[in-house]
Amino acid sequence: MTGSKFIITLAEAELPLFVGIDVGGTNIKLGLIDNRGRTLGYHSIPTEVERGPDDAIARMAAGVNQLLEKAGAKKSAVARIGLATPGPMDIPAG
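Residues numbered from 1 in each chain as written. Predicted model: local features only at pLDDT ≥ 70, side-chain atom pairs only at ≥ 80, totals over all residues. Heavy atoms only, no water.

(A) A look at the side chain of D34. Mapped onto the elements of the fold, D34 is located in the loop between β2 (27–33) and β3 (39–46). By relative accessible area, which is 0% here, D34 ends up buried. A polar contact is formed between the side chain of D34 and the side chain of R38, at a distance of 2.7 Å. If we ignore the near neighbours within four places in the chain, the residues touching D34 are I8, E12, A13, E14, P16, L17, F18 and L40. (Helix = DSSP H or I, 4+ residues; strand = E, 2+ residues; numbered from the N terminus. Buried < 20%, exposed > 50% of the residue type's maximum accessible area, 1.4 Å probe, protein only. Polar contact = N/O pair within 3.5 Å; in protein donor to acceptor, adjacent residues only side chain to side chain. Contact = heavy atoms within 4.5 Å.)

Here you go:
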């Protein structure tokens, strides 16, 4: 069943949880998975490059909070957050 998304409940999840964020040119995709790689939830928001990086960061944070809320999970259950971006990043230059 390639491409299928199986969603489990928090009760079925093996802690800790992990968040993945994929920043693309059109959309920012966020996912919440358990320690076994099983999906608890996923969400996509428009990238809206013209609004700038500070706005994007705020919307990513809101998206993560939404994922956790929908799953019924606390922030303390998240061990790590991974961020993927297109091309090289120049953190000092923003």
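(B) Structural detail: helix α1 (residues 53–71). For α1, with 19 residues, the first-to-last C-alpha span of 27 Å sits near the 27 Å given by 1.5 Å per residue. Among the residues of α1, A56, R59, M60, G63, V64, L67, L68 and A71 are the ones counted as buried. Turning to α1, the residues buried within the fold contact β1 (17–23), β2, β3 and β4 (78–84). Count one or two residues on from α1 and you reach G72, which has phi positive near 80°. (Expected span 1.5 Å × (residues − 1).)

(C) The arrangement of the pairing of β2 in detail. As defined by bridge partners, β1 adjoins β2 across six bridges and the pair is classed as antiparallel. Counted as the bridge partner of D22 is K29 from β2. Between β1 and β2, which pair antiparallel one after the other, the connecting turn spans three residues. As judged from the seven bridges shared by β2 and β3, these two strands associate in the antiparallel manner. Note that in β3 the partner of N27 across the bridge is P46. Where β2 folds back onto β3 in an antiparallel hairpin, the turn is made up of five residues, including G37, whose phi is positive at roughly 85°. (Pairing = 2+ DSSP bridges.)

(D) Representation of the sheet that holds β2 within the structure. The sheet built from four strands is open, its strands ordered β3-β2-β1-β4 with mixed pairing. Each having just a single partner strand, β3 and β4 make up the two edges of the open sheet. Taken over all neighbouring pairs, the strand axes of this sheet differ in orientation by 15° on average, direction set aside. (Axes fitted to C-alpha atoms, helices over the stretch in contact; angles between N-to-C directions.)

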